[in-house]
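What follows is each chain in one-letter form.
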Amino acid sequence: MKTSIVGIGQTEFSKDSGRSELKLALEAILAAVADAGLEVDDIDGLVRYTWDHTTEAAIVNALGLDHLNYYGETEFGGVNCCGAVAQASAAIEAGLASCIVFYRTLNARSGVRYGRGERVLAEEDGWLVSRQPEPPGDIYSAPFGLLVPGQHHALYAQAYKGHYGLTDDRFTEMLGSVAVTQRAYANRNPRALLKDRTLDMDDYRAGRVITAPLRVYDYCLETDGAMALVIVSRERARGLSAKAVDVLSAGQYIFPGSVPMYLYAEKAYSLVPEAAGEELFGKAGLSPSDIDVAMLYDATSMMVPLALEDFGFIGRGEAQDFLTSGGNGPGGRLPVNTHGGLLSEGYFHGLNTIAEGVRQLRGESHNQVEAETAFVTLRGASSMILGRA
Amino acid sequence: MTVIRPSDEYLDQPFWKHLAAGTLHLNCCNDCGGAHHPPSPICPRCRSFDTGWKPASGRGTLKSFAVAEHPVHPMLADQVPYVITLVDLEEGVRMVSGIPKGTEAALEIGMALQCRVVRFDDRFALPYFLPVAGAGEK
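How each quantity is defined
- Residues numbered from 1 in each chain as written.
- Chains lettered and ligands numbered in written order.
- Predicted model: local features only at pLDDT ≥ 70, side-chain atom pairs only at ≥ 80, totals over all residues.
- Heavy atoms only, no water.
- Buried < 20%, exposed > 50% of the residue type's maximum accessible area, 1.4 Å probe, protein only.
- Helix = DSSP H or I, 4+ residues; strand = E, 2+ residues; numbered from the N terminus.
- Pairing = 2+ DSSP bridges.
- Right-handed = clockwise from strand over helix to strand, strands pointing away.
- Salt bridge = Lys/Arg side-chain N within 4 Å of Asp/Glu carboxyl O.
- Axes fitted to C-alpha atoms, helices over the stretch in contact; angles between N-to-C directions.
- Contact = heavy atoms within 4.5 Å.

## Focus: the pairing of strand 3 (residues 70-74) of chain A
Residues and elements named next belong to chain A.
For step 1, the next point in the chain: Residues of strand 3 alternate between two faces, with Tyr70, Gly72 and Thr74 buried on one and Tyr71 and Glu73 left unburied on the opposite face.
For step 2, the next point in the chain: Sheet topology places strand 2 (residues 45-49) next to strand 3; five bridges connect them, and they run parallel. By the bridge assignment, Val47 is partnered in strand 3 with Gly72.
For step 3, the next point in the chain: In this view, the connection linking strand 2 to its parallel neighbour strand 3 by way of helix 2 (residues 56-63) has right-handed handedness.

Listed below in structure tokens is the structure:
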């Protein structure tokens, strides 16, 4: 890729924003453009998830954008956080647009909640009814009570635990190390929803079980807010005042059974084929050992060990040792989710995951590490490598 | 007891009609013989559109399981805890299933399972999978 992320904009994260998703989106977009040192009228492209309720047309109308040459959508939600950046980059390289904003806006706590079955079920004559063909909550899984993404994650977690024969204690320590480490990062991050709430391993163990083997602290936080990123060509980025971060490689990866919820993927304990990582690192001319900091989309804590192993940062089955020895923490071999992650900063469908990678490379993180390169992934479905400009 | 069912337009499809009649059938390719699930208009192996339905062996192994303790819908408050499973069938397909409410089962990944179809009414039945020793009990 020959593009750069030059602007980050966001609203506050909250449980109840008190305003419309459109208004949130506009606030985030204006903030992102300002952060980039650009004007609103510079925007000539938009990308978003198909699941976003706020259309490109709504943004164009609200802002009076009179030369929007490109708008693109990637399927689903956070699954495609890096895919949206890849598509924006491809559009820029193809000359379709020169300044593209990627936005995500949702009242995911005060509005439609992803952690609730009401999102996918109707009530009719005392029955709960599914009428959708695709997971989560589809007609082949909903009748067994498999309704929300967090339950799918429990299935991956149990498959991993069984595959490697981890004891309950060892498994608890592994995932607890993710939750506790990331909470400590969040405690130093003023943007984090849980900045004022500490978490230690005793608290973690005492957390109530949501869907076994996952506890409440293994889950991300339904969040209200909006975020936006500004993407331009690398050449143009060099002329801007913002601290640009280069997109070294980015892509999407799909295979039979993988999207959206991996229910029918062959291995439930390993979600990413080796080819996905090889292609991504190959295009960047880097290997996993070259990565300084990693942002691993943690809808649940289980995504962290899976991504570390699936992309070759550590060997198969080594996550328990890596995580319980602080490999993901400050000064560790590979600090992970230094904003607190979706578990403790807020669940922002990957945009805050990307933004923390950008902030690390700008030197603006609240848990700053020495970083020239950052890796971002949503369990391989879309991934990206960023580099300091 | 609250039960979740597919909407009526789906219950008219072969997968659900076979279950309502008491047996699990799988969508199969009439050319290469392979099974696939969920049902599809084309065989994912040989890309033949000539597909049909065959009775499943009902034999499978447990790929994973999860125990829902927290009800994600108010109408499920009387259901929790309940067990969700992923089952790999002998025919080479994966299915989402579960353990029927009120049935005790000590689960271990990789264990052998056998299908038991549970009917809820004339139109709707579900394929549960139980550890082999307990599969024949009614």
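## Focus: the pairing of strand 7 (residues 209-212) of chain A
For step 1, the next point in the chain: Two elements, strand 7 of chain A and strand 8 (residues 214-215) of chain A, share two bridges in a ladder whose sense is antiparallel. Residue pairing across strands places Val209(A) opposite Arg215(A), the latter belonging to strand 8 of chain A.
For step 2, the next point in the chain: Relative to strand 5 (residues 59-68) of chain B, strand 7 of chain A is paired through two bridges, and the arrangement is antiparallel. Within strand 5 of chain B, the position partnered with Ala212(A) by the bridge is Val67(B).

## Considering the pattern of salt bridges
For step 1, the next point in the chain: The tally for this structure, following the rule as stated, stands at 28 salt bridges over all chains.
For step 2, the next point in the chain: Residues Lys161(A) and Asp168(A) are paired through a salt bridge, measuring 2.6 Å at the closest nitrogen-oxygen approach.
For step 3, the next point in the chain: For Lys161(A), a relative accessible area of 12% puts it in the buried group.
For step 4, the next point in the chain: Here Arg123(B) makes a salt bridge to Asp12(B), at a shortest N to O gap of 2.7 Å. On the criterion of sequence distance, the pair formed by Arg123(B) in the loop between strand 8 (112-119) and strand 9 (125-131) and Asp12(B) in the loop between helix 1 (8-11) and helix 2 (14-20) is long-range, its members being 111 residues apart.
For step 5, the next point in the chain: Residue classification places Asp12(B) among the partly exposed positions, given a relative accessible area of 48%.
For step 6, the next point in the chain: A network of salt bridges, in which partner residues are shared, links Glu12(A), Arg19(A), Lys23(A) and Glu27(A).

## Remarks on the sheet that holds strand 9 (residues 224-233) of chain A
Residue and element names in this part refer to chain A.
For step 1, the next point in the chain: Read across the sheet, nine strands follow the order 3-2-4-9-1-10-13-12-11 without closing on themselves; strand pairing throughout is mixed. Either end of the sheet is taken by a strand with one partner, and the two such strands are strand 3 and strand 11 (293-296). Averaged over neighbouring strand pairs, the angle between their axes works out to 25° when direction is ignored.
For step 2, the next point in the chain: The sheet contact formed by strand 4 (residues 99-107) and strand 9 spans nine bridges and is antiparallel. Its bridge partner lying in strand 9, Ile100 is registered against Ile231.
For step 3, the next point in the chain: Set on the sheet, helix 2 makes contact with strand 2, strand 3 and strand 4; between it and strand 2 the angle comes to about 140°.

## Re unusual backbone geometry
For step 1, the next point in the chain: At the junction of Ala212(A) and Pro213(A), the peptide bond is cis and its omega measures out at 15° in the coordinates.
For step 2, the next point in the chain: With omega at -5°, the peptide bond leading from Val80(B) into Pro81(B) counts as cis.
For step 3, the next point in the chain: For Asp125(A), which is not glycine, the phi torsion reads 55° and is therefore positive.
For step 4, the next point in the chain: Summarising the element assignment, Asp125(A) is placed in the loop between strand 5 (122-124) and strand 6 (127-130).
For step 5, the next point in the chain: Its identity as a non-glycine residue notwithstanding, Arg47(B) has a phi of 60°, on the positive side.
For step 6, the next point in the chain: Take Arg47(B): it is sitting in the loop between strand 3 (35-36) and strand 4 (51-55).
For step 7, the next point in the chain: Residue classification places Arg47(B) among the exposed residues on the basis of a relative accessible area of 61%.

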